[in-house]
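In case you want the letters, here they are:
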Amino acid sequence: MAEYDTIIRNGSLVDGAGGPVVRGDLAIKGGKIVAVGQVDGHASDEIDASGLSVAPGFIDIHTHFDPQLCWDGYATPSIEHGITTVVTGNCSLSLAPIRGRAGADKIVSMFGVIEDIKKKTFDEAVPFTWESFPEYLDHIRPGLGINVGALIGHSAVRLYVMGSASQQRAATEDEIAQMCQIVEDAMTAGALGISSSYVDMDENGDPVPSQFADLKEKIALAKAMAKSGRGIWQIVPFFPDLNRELENIRELGDISLAAGIPCSLQPVLSSPTSPLAQEIIAELEAQKARGARVYGQVMPRCFDLNMRLSETSMLLFSLPRWKAIMDLPVNARAAQFVSQREALVAEMNGAVGMSSALPFLTVGQTIHSDNKQYQGRSLTEIAQEQGKHLGEVILDIALADNLETEFQLKNVINADKAAVAQLIDHPLCHFGASDAGAHITQFCGTGDTTHLLEHYVRESCAMTLERAVYRMTGQVADDWGLSDRGRLQVGKAADIVIFDPATVSVGDEEFVEDFPGEARRYVRRSTGYRAVFVNGELAYTPEGYTQAKAGRVV
């Protein structure tokens, strides 16, 4: 009879604690790591990992896979990039608690505008057979192929308790008490923490419910969460205004100190005017000096975006006329783009906020033969050449392609790789601002783990393999309360990734049609991964997914 379920032999073990790589074996039994080093005995399955790295499964702390997990328990393509745990429910949005059909409709509408996940997808694949957060967790548990750390959304909780008043005023003492009970019940059922937002707007252009909460409410909820003995408070700050963002960070310090909890904000980005995000980092350090635990979240890739007038684009949110048309059904947009052309062009000439990045767009994929000449070219260059305004060029090219033209924003935000390397390695920044599962028609967030290994470890040598793995595993596991995983250590969960550090690579974005409701999304595939185990069961190999359902709510 075999002593172990699986033995991984002769691998280069990267322990997830930052220790030196050592060659050895690892044994798995009952979903746990039961031996590390030289393993004698037999197993039902053995893998020769000679020449390969063996590491703890990677953890993605900022995703929006909440709806996708209802039909895709593997959160594809996450596992293909060595990710064995995803944290959902960020940005104040979760799919529970839900009060009736009206509550579900409101959450769906917010997900649609904030996370770019369409109503048609929800209608086809998200049943809303639950009301409470524990019931939602019970719904997804049987189908999980990946581990899920589920945050409960502050906006969802406020909406459930206060209804429309959640977007009008501060909560009463009784309402705060009701919200605290919901949070306590969620934590008991396995929630990982709470998420909130200082910046997001709903489908009507109104601030989401969490923005109406006062500090008293936030501290009360944080304390309710902390009764469980763990929990993290995650937020999106008001990043369009640096001074307001710094105020948000200071408030996180207040919450952390009052409730004795860690807090996290996403994203911290390198920009042309602040390559090292100096002001943000300085404020994080100031909060540490106060005794607070406040962390930023960083990503390794350029924050590149794709824009199609047939889909959704955050680049157009600050342009009311453009956004109003983008909110229409696709088949009604072209006529409005034509009839409002003059006003649209004028509005774009005065672009502010994220829309100020529009002049940096280039032309990606096109459909009409007349547009092939523009592929790879800058819109600003084309406009100058043709003596047109930027908005005219966008409309002319897109209308010829039936609005399917792919416009690309590349190498603007997070483009300074040397600066990004410093942010990734900063002790007050966590690796993982991916936004995977959201904005799916604009970019693919999944793949950052592979990009870190490919570029920052192998190509630029900006980080050692040991350090990179620690940042993706042991560090976030410790700070986010995932104490049973994140290291190659006896007794820890057997979330394990085996990869070739010499060949691991992330592919280009592909625009695919594989979502319910006839929706499309960008994905990034990987190469160089030999095997990914989730709780001791083989979940992925280069041949594809194994259909194992070993994921858990963690």
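Treat the numbers as computed from the prediction; the structure is a model and nothing was measured.

(A) The overall build of the chain, seen in detail. Counting its secondary structure elements, the chain contains 17 helices and 24 strands. Its C-alpha atoms give the chain a radius of gyration of 23 Å, near enough to 24 Å, the size a compact globule of 554 residues would have. Taken along the three principal axes of its C-alpha coordinates, the chain extends 75 × 60 × 45 Å. Taken over 554 residues, the chain has a buried fraction of 60%. Across the chain, every contact between residues at least 6 apart in sequence was considered, and the portion connecting residues at least 24 apart equals 75%.

(B) Representation of the layout of surface pockets within the structure. Taken as a whole, the largest pocket encloses approximately 1600 Å³ of empty space. Secondary-structure elements contributing two or more residues to the lining of the largest pocket are α1 (100-115), α7 (242-259) and α8 (278-290). Here the element with the most residues in the lining of the largest pocket is α1; it accounts for 3 residues. Partitioned by chemical class, the residues of the lining of the largest pocket number 28 nonpolar, 9 polar and 8 charged. Roughly 800 Å³ of volume is contained in the second largest pocket. Taken together, 34 residues form the lining of the second largest pocket, with K118, T312, M326, L328 and R333 sitting closest to its centre. Those elements that place two or more of their residues in the lining of the second largest pocket are α1, α2 (119-125), α9 (320-326), α10 (330-339) and β20 (519-523). No other element matches the 4 residues that α1 contributes to the lining of the second largest pocket. Looking at the lining of the second largest pocket, its residues break down into 13 nonpolar, 9 polar and 12 charged.

(C) A look at empty space enclosed by the protein. The full count for this structure, using the stated rule, is 2 cavities of 30 Å³ or more. Volume-wise, the largest cavity comes out at about 70 Å³. Lining the largest cavity are 13 residues, with G437, I440, C444, R521 and Y522 sitting closest to its centre. When grouped by side-chain class, the residues that make up the lining of the largest cavity number 8 nonpolar, 4 polar and 1 charged. Roughly 50 Å³ of internal volume is contained in the second largest cavity. Along its surface, the second largest cavity is lined by I59, D60, I83, F431, G432, S434, G445, T446, G447, D448 and T449. Mapped onto the lining of the second largest cavity, the elements with two or more residues apiece are β6 (58-60) and α15 (448-459). For the lining of the second largest cavity, the per-class residue count stands at 3 nonpolar, 6 polar and 2 charged.

(D) Representation of unusual backbone geometry. Residue P77 follows T76 across a cis peptide bond; omega there is 5 degrees. Secondary-structure assignment places P77 in the loop between β6 and β7 (83-88). In the segment running from A96 into P97, the intervening peptide bond is cis, with an omega of 0 degrees. Turning to its location among the elements, P97 is positioned in the loop between β7 and α1. The backbone of S92 shows a phi angle near 80 degrees, a positive value even though the residue is not glycine. Relative to the helices and strands, S92 is located in the loop between β7 and α1. The phi angle at E518 is positive, at roughly 60 degrees, despite the residue not being glycine. Looking at where E518 falls in the secondary structure, it is placed in the loop between β19 (510-515) and β20. Judged by relative accessible area, E518 falls into the exposed class, the value being 68%.

(E) The arrangement of helix α13 (residues 390-400) in detail. Buried residues dominate α13, accounting for 8 of its 11 residues. Three or more residues of α13 are buried, namely L390, G391, E392, V393, I394, L395, I397 and A398. Looking one or two places after α13, you find N402, whose phi comes out positive at around 55 degrees.

(F) Spatial organisation of the sheet that holds strand β13 (residues 305-307). Taken in spatial order, the 3 strands line up as β13-β15-β14 in an open sheet, and their pairing is antiparallel. Strands at the two margins of the open sheet, each flanked by one partner only, are β13 and β14 (362-363).

(G) Layout of the environment of G291. Mapped onto the elements, G291 comes out in the loop between α8 and β12 (293-298). Sequence spacing of G291 and A277 is 14 residues, and the spatial spacing of their C-alpha atoms is 22 Å.

Reading guide: rules and limits
Residues numbered from 1 in each chain as written. Predicted model: local features only at pLDDT ≥ 70, side-chain atom pairs only at ≥ 80, totals over all residues. Heavy atoms only, no water. Helix = DSSP H or I, 4+ residues; strand = E, 2+ residues; numbered from the N terminus. Rg over C-alpha atoms; globule rule 2.2 N^0.38 Å. Buried < 20%, exposed > 50% of the residue type's maximum accessible area, 1.4 Å probe, protein only. Contact = heavy atoms within 4.5 Å. 1 Å grid on protein atoms, 1.4 Å probe; cavity = no way out; pocket = protein on both sides within 12 Å on 5 of 7 lines; lining within 4 Å. Points joined across faces, edges and corners; volume = space filled by probe spheres on them. Nonpolar A, V, L, I, M, F, W, Y, C, P; charged D, E, K, R; others polar. Pairing = 2+ DSSP bridges.

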